[in-house]
Amino acid sequence: NAGVMQNPRHLVRRRGQEARLRCSPMKGHSHVYWYRQLPEEGLKFMVYLQKENIIDESGMPKERFSAEFPKEGPSILRIQQVVRGDSAAYFCASSLGPPSEAFFGQGTRLTVV
Amino acid sequence: GESVGLHLPTLSVQEGDNSIINCAYSNSASDYFIWYKQESGKGPQFIIDIRSNMDKRQGQRVTVLLNKTVKHLSLQIAATQPGDSAVYFCAEKGTSYGKLTFGQGTILTVHP
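I will try to describe carefully the structure that is included in this document.

Parameters at a glance
- Counting of residues starts from 1 at the beginning of each chain's written sequence and follows it residue by residue.
- Each chain is given a letter, starting from A, and each ligand a number, starting from 1, according to the order in which they appear as written.
- In keeping with the predicted nature of the model, local features appear solely for residues at pLDDT of at least 70, side-chain atom pairs appear and are counted solely at 80 or more, and the whole-chain, interface and lining totals rest on all residues.
- The basis for the side-chain values is all heavy atoms of the structure; hydrogens and waters are excluded.
- Going along the chain from the N terminus, every DSSP run of H or I of four or more residues is numbered as a helix, and every run of E of two or more is numbered as a strand.
- Our radius of gyration looks at C-alpha atoms and nothing else; its globule reference is 2.2 Å times the residue count to the power 0.38.
- Burial classes follow relative accessibility: with a 1.4 Å probe on protein chains only, a residue under 20% of its type's maximum area counts as buried, one over 50% as exposed, and anything between as partly exposed.
- Residues count as neighbours in contact if any of their non-hydrogen atoms are within 4.5 Å of one another.
- Using the Shrake-Rupley algorithm and a 1.4 Å probe, accessible areas are obtained, with residue cover drawn only from the displayed protein chains.
- What counts as a ring pair is set by centres within 6.5 Å for rings of Phe, Tyr and Trp (its six-membered ring), and what kind of pair is set by the plane angle: stacked under 30 degrees, edge-to-face over 60, tilted for all other angles.
- Under the counting rule used here, the positive set is Lys and Arg, the negative set is Asp and Glu, and His together with the chain ends is not counted.
- In the sections that follow, a salt bridge refers to a side-chain nitrogen of Lys or Arg positioned within 4 Å of a carboxyl oxygen of Asp or Glu.
- Between N or O atoms, a polar contact is any pair within 3.5 Å; within protein, one atom must be a potential hydrogen donor and the other a potential acceptor, and residues adjacent in sequence are included only when both atoms are from side chains.
- Pairing between strands is defined by DSSP: at least two bridges between them are needed.

The next point concerns the overall build of chain B. A tally of helices and strands in chain B yields 0 helices and 11 strands. The N-to-C order of helical and strand elements in chain B reads β-β-β-β-β-β-β-β-β-β-β. Compactness check: chain B gives a C-alpha radius of gyration of 13 Å against a globular reference of 13 Å for 112 residues, within 12% of the reference. Taking the principal axes of its C-alpha atoms as reference, chain B extends roughly 40 × 30 × 20 Å. Among the 112 residues that make up chain B, the fraction classed as buried is 45%. Partitioning the contacts of chain B with sequence separation of at least 6, the portion at a separation of at least 24 is 54%. Total accessible area on chain B is roughly 5,400 Å²; 47% of this is exposed by carbon and sulfur atoms.

What follows is about the packing of aromatic side chains. Given two aromatic rings, their pairing is described by the distance between the two centres and the angle made by the two planes. Throughout the structure, instances matching the rule amount to 10 aromatic pairs over all chains. Geometrically, the ring pair formed by Tyr35 of chain A and Phe45 of chain A is edge-to-face, given 5.8 Å between the ring centres and 75° between the ring planes. Here Tyr35 of chain A, found in strand E4 (residues 31-37), pairs with Phe45 of chain A, found in strand E5 (residues 43-50); they are 10 residues apart in sequence, far enough to count as distant. When the ring of Phe104 of chain A is compared with that of Phe102 of chain B, the centres are 5.9 Å apart and the planes differ by 80°; the resulting orientation is edge-to-face. Residue Phe104 of chain A is found in strand E10 (residues 103-104), and its partner Phe102 of chain B is found in strand E10 (residues 100-102); the two belong to separate chains. In this structure Phe104 of chain A comes out as buried when scored by relative accessible area, which is 11%. Residue Phe102 of chain B is classed as buried on the basis of its relative accessible area of 5%. An aromatic cluster of three or more residues is present, and its members are Tyr35, Phe45 and Phe104 of chain A together with Tyr36, Phe46, Phe89 and Phe102 of chain B.

Among the structural elements, Asp56 of chain A can be located in strand E6 (residues 53-56). Lys99 of chain B provides the closest opposite charge to the buried, unpaired Asp56 of chain A, separated from it by 5.4 Å. One polar contact links Asp56 of chain A to Ser58 of chain A, side chain to side chain, over a distance of 2.7 Å.

We now examine the pairing of E4 of chain A. Residue and element names in this part refer to chain A. With 6 of 7 residues buried, E4 is to be regarded as a mostly interior element. Summarising the sheet, E4 and E5 pair through 7 bridges and their orientation is antiparallel. Within E5, the residue paired with Val32 across the bridge is Leu49. Remark: 5 residues form the turn of the hairpin made by E4 and E5, two consecutive strands paired antiparallel; Glu40 in that turn has positive phi of roughly 60°. The pairing of E4 with strand E9 (residues 88-95) spans 7 bridges and is classified as antiparallel. Bridging across to E9, Tyr35 finds its partner in Phe91.

Right, here's the structure in full:
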């Protein structure tokens, strides 16, 4: 019974490139959340998705960031034209439903050089 | 807006002592609270949760207390072990559907 799987674990991109972060939820979970964590800070909510729907994207920057959770396949967080300030750990979590316990993946650590 | 904050950023204890980590929240409409443990280089790990209709919940070596009157949450760890050393976050689910708001975190260091 695999947990939430994120890949890659580490990603290095040059300024201006695109970053694609993948998240496969736990088996049976149809709710996915993305969070960003800067060093020595708490996690900040970015977006909440169900299969094929964005439920809440209030934490997502309006420019350059997008997320999807297709009917088949993992959830993708996409960052276009990355800048140094995008360097952070990005965590995905999944749950059976909004009030239920959310399980986190190990994160993707994005470094923009 | 919603915010969750912690009183103490660091806590050092001796092995075998009991630890208490505190958290203040500002959204009185929050109805679900979770404590997470995060070890270096890893994702947050669920420890224990509590709903707003309760004021205490116990797990294995951990107890969460909720005081809605003063909007305060605490995590008690009994007989703290070196393996408990990590950053501990409280999180609350407020009025936003599904979204968790995390506190800044408390670094717990357990000395053998």
